[in-house]
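Summary of structural features
Now for the letters of each chain:
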Amino acid sequence: MKVLKFGGSSVAHAENIRKVVEIIKKESQNHRLAVVASAFGEVTDVLQTCGQLAAKGDLSYQKLLKDLEAQHFELARSLFSLQQQSIVVSEIKILLNELDDTCHGIYLLKELFPSSHDHLLSFGERLSSLVLSSFLNESGVYNILLDSRELIVTDANFGHAQVQFEITYERIRQQVEKTESNVFIPGFIAATSDGKPTTLGRGGSDYTAALVAAALDADSLEIWTDVDGVMTADPRRVSSAMPLEKLSYEEIMELSHFGAKVIFPPTIQPVMLKNISLYIKNTFRPEQPGTLICKNGNGTTLPVKGLSNIDNISLLTLTGGGMVGMSGVAGRLFSALSDRKVNVIFITQASSEHSITLAVTEDQVAVARQAIVAEFRDEKALSKVDEVLVESGLSVVALVGDHMKSSVGLSGKAFDALGKNGINIRAIAQGSTERNISIVISQNDVSKALNVLHETFFLSKYKKLHLFLVGVGNVGGALIRQIREQSEYLKAEHGLELRVVAMANSRKMWFGEKDLNLAEWKKDLSEAGETMDMDLFVEKMKDKNLRNAVFVDNTASRDVAGYYAEILQKSISVVASNKIAASNSYIQFRGLLKGALENNVKFLYETNVGAGLPVLKTIQDMLKSGDEIHQIQAVLSGSLNFIFNHFVGGTDFSDVVKEAMKQGYTEPDPRIDLSGEDVMRKILILSRECGLPLEFDQIQNKGFMPEALMKIEKTEDFLAQLPEYNKYFEELRKEAEQQQKKLRFVAELNNGKASVGLQQVSSDQPYYQLDGKDNIVLIYSRRYNEQPLVIKGAGAGASVTASGVFADIISLANQ
């Protein structure tokens, strides 16, 4: 004998029912079958609504009954031959008339009693079983329809009735042994010993099937649903969740208790006691192997087999100095809750005995609190215990696996991963079997936590970084292009997936429901984007609450940089080509580094100096390895180097500046480059990397730009008047040329002091042969004393700067 159970999604409509019949046909060729089914899709919910409306005296329940009638009649017309239709429709009508009478009675009484509620809900399975059993017979799979109310005996705890196993098993065996045919049994419903209908709880059809399998000592139980088996996590929340080949009975009990919806928790006990193999299979992909649940279900050596969660949880904490050494506190606490029928999901107690924390569902928290307050009223009056602390809006996330007990450091690994993503743990519990670690967190963090833990323990195919881009001009646009071009390579070779989930320029911002289309981003941002508001952008980014989130700033905006501290506080890493934050006041700069450290994220700004050159990383590595930096000499402006390399005889300085702007080598306002301010910021950042707490106004600037020209307010007016000063710049060039020297804007750090300025350099100096937009940095240190460490290469341009930002982003994947 084999028992097959089909859920509501498997029998939602005629097409699905035909798939179910094909599965049953195939199975019936080799086995005698007991088939259990749920109500048709969403029918139970409609019945519940009918009862609620009728109890309120609302006659609109009648329309819902008409809709149910139409639904079942339409199924009959779709499934049965004309000859059989009339028979099935008349049988359906008899049940619907009884349902109408039941609702009318509730309407007259204006009250929905628990017993009436169970009777009402029983019609879902009674109707579906009638249709399905009849269709199987017409399809050539002969079966006898049995009445679950005559088989499964329970107590009178309506809604969650407790099964009386001995008499139930005996009745099932007696009824099934009366025939040699297949049998069809409605799920979910049962009855008291005196025949009053009861239900086994939502999802109770699984339980019905398990009871039938246990009573008949079935070869196996197959539960057919709409997923390929038990998944490593909820696929609606974790897109990389994968089906598990095997689980032990104990593992599935833990997973189902903590919210895994694929199976009703009480289902496991009956089959476990009889050592009956349980399969979870997909009605719509019957060729898939599904998940086998059995005694020796350790189908993998992975320590964690699955993740599960329960939402809408509240914590109640009883504390007090008088609890220490007081015997019987825990017993009194749980007895009080048991008397009020409060189900405790989670328990943890401090070893000091100073506090006990427990978790209940939010709909039971008020009753639970009242029970605790009443039980410890005398101790409260004597100040032995404090007020009961209640925290709501929480969830329990559980890590489950038989091999967890032999895995060293597993808890630390989980907590570290959660901490790096800013997920605060409110409470922790671990059973003595070490098969389960339960963690209480904010409900807002559940999806993020599940994805973080899944990536940590299940070797997900890709590690995902979620990018929020602000600034999509020259550098930002080049970054997007590079991400798009490298996407497949990063996935294939490094298991890294970069997801751009939001982007913005100074006018528009766009948050996609899914990943943004990087091939059409300009069009989408322009047409689908909303007005840019940095406050709103940050709020939306925080509300998304994504794991491995990275804020990327490719602007030169002081306003945008002002949000870094808030962003880091939410455990979102910051990658910036924007130099403002790293060259701001020293206290604010150090505050950002401290904020990143405290929140287990990173503040990366490698491109602030040298664009894509590894200048900052080199200095950091030197210092970490114990070197001491004594002096730095550098040409740090690719923009100015480009300008002075192209400012030769026969060219005007103003034309060269405009060409540098056109090539994207300068800031939108070229005065930032020409004034030396940009280089000042860079040498300031290098000074700070060397451990010097310098401020911007401590950098000496030997500028070369005429003061009157630099005082012009608007960029366009500055550019218009720049040609008037071409003669002045030509004189600077000729003076250097006459001495066989070249003009270079040089930054220096020496003896704790920093300066920048225009210099005439001779051919024996390393700056002399510096092509195009190149930068050069010479670092003199204790180890590099006689010959400096030299870093040289392109120091300006959208592509090289974007590549540096890209490298910072990729480095975060290895944190």
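Residues numbered from 1 in each chain as written. Predicted model: local features only at pLDDT ≥ 70, side-chain atom pairs only at ≥ 80, totals over all residues. Heavy atoms only, no water.

Details of the sheet that holds strand β17 (residues 436-442)
Overall, antiparallel pairing links the 6 strands, which are arranged β13-β14-β12-β15-β17-β16 in an open sheet. Lying at the two open borders of the sheet, with one neighbouring strand each, are β13 (346-349) and β16 (425-430). Along the sheet, successive strands turn relative to each other by an average axial angle of 30°, direction set aside. In the sheet, β13 pairs with strand β14 (residues 355-361) via 4 bridges, with the strands oriented antiparallel. (Pairing = 2+ DSSP bridges. Helix = DSSP H or I, 4+ residues; strand = E, 2+ residues; numbered from the N terminus. Axes fitted to C-alpha atoms, helices over the stretch in contact; angles between N-to-C directions.)

A closer look at empty space enclosed by the protein
The tally for this structure, following the rule as stated, stands at 1 cavity of 30 Å³ or more. Roughly 50 Å³ of internal volume is contained in the largest cavity. Phe-6, Val-11, Val-20, Val-21, Ile-24, Val-35, Ala-37, Leu-132, Leu-136 and Phe-184 together form the lining of the largest cavity. Mapped onto the lining of the largest cavity, the elements with two or more residues apiece are α1 (14-28), β2 (33-37) and α5 (114-138). Per-element accounting of the lining of the largest cavity gives the leading share, 3 residues, to α1. When its residues are assigned to classes, the lining of the largest cavity shows 10 nonpolar, no polar and no charged. (1 Å grid on protein atoms, 1.4 Å probe; cavity = no way out; pocket = protein on both sides within 12 Å on 5 of 7 lines; lining within 4 Å. Points joined across faces, edges and corners; volume = space filled by probe spheres on them. Nonpolar A, V, L, I, M, F, W, Y, C, P; charged D, E, K, R; others polar.)

Overview of the packing of helix α2 (residues 43-55) against helix α3 (residues 61-79)
Following both chains from N to C, one finds α2 and α3 inclined at 155°, their axes separated by 9 Å at the closest point. Considering the angle they form, α2 stands roughly antiparallel to α3. As for how α2 packs across α3, the hand of that crossing is left-handed. Here α2 contributes Val-43, Val-46, Leu-47, Thr-49, Cys-50, Leu-53 and Ala-54 to the contact with α3, which in turn contributes Tyr-61, Leu-64, Leu-65, Leu-68, Gln-71 and His-72. When its residues are assigned to classes, the contact of α2 with α3 shows 10 nonpolar, 3 polar and no charged. (Parallel < 35°, antiparallel > 145°, perpendicular 65-115°, else oblique. Left-handed = near helix turned anticlockwise from the far one by under 90°. Contact = heavy atoms within 4.5 Å.)

A look at the sheet that holds strand β7 (residues 197-199)
One open sheet accounts for 3 strands, arranged β4-β6-β7; its pairing is mixed. In this open sheet, the two strands that pair with only one neighbour each are β4 (153-154) and β7. Here β4 runs beside strand β6 (residues 189-192); their pairing, made up of 2 bridges, is parallel. Note that in β6 the partner of Thr-154 across the bridge is Thr-192. Across the sheet, α5 touches β6 and β7, and the angle it forms with β7 is around 80°.

So, the pairing of strand β11 (residues 291-294)
Across the two faces of β11 the burial is the same, with Thr-291 and Ile-293 and Leu-292 and Cys-294 all buried. Of the strand pairs in this sheet, strand β9 (residues 246-248) and β11 are connected by 3 bridges, and their pairing is parallel. The residue of β11 that forms the bridge with Lys-246 is Leu-292. Sheet topology note: the strand β10 (residues 277-282)/β11 ladder contains 3 bridges and is antiparallel. What sits directly across from Leu-278, in β11, is Ile-293. (Buried < 20%, exposed > 50% of the residue type's maximum accessible area, 1.4 Å probe, protein only.)

Examining unusual backbone geometry
Even without being glycine, Glu-42 reaches a positive phi, approximately 70°. In this structure, Gln-740 is a non-glycine residue whose phi angle is positive, near 55°.

What about the pattern of salt bridges?
Summed over all chains, the structure comprises 39 salt bridges. With a closest N to O distance of 3.5 Å, Arg-173 and Glu-170 form a salt bridge. Placement of both Arg-173 and Glu-170 in helix α6 (residues 165-177) is noted, with a separation of 3 residues, approximately one turn of the helix. The class for Arg-173 is partly exposed, based on a relative accessible area of 26%. Of the charged contacts, one joins Asp-678 and Lys-682 as a salt bridge, the two residues approaching to 3.2 Å between their closest N and O atoms. Taken together, the residues span about one helical turn, with Asp-678 and Lys-682 both in helix α25 (residues 677-689) at a distance of 4 residues. Take Asp-678 and Lys-682: they sit in the same class, and that class is buried. Via salt bridges that share partners, Lys-579, Glu-667, Asp-678 and Lys-682 belong to a single interconnected network. (Salt bridge = Lys/Arg side-chain N within 4 Å of Asp/Glu carboxyl O.)

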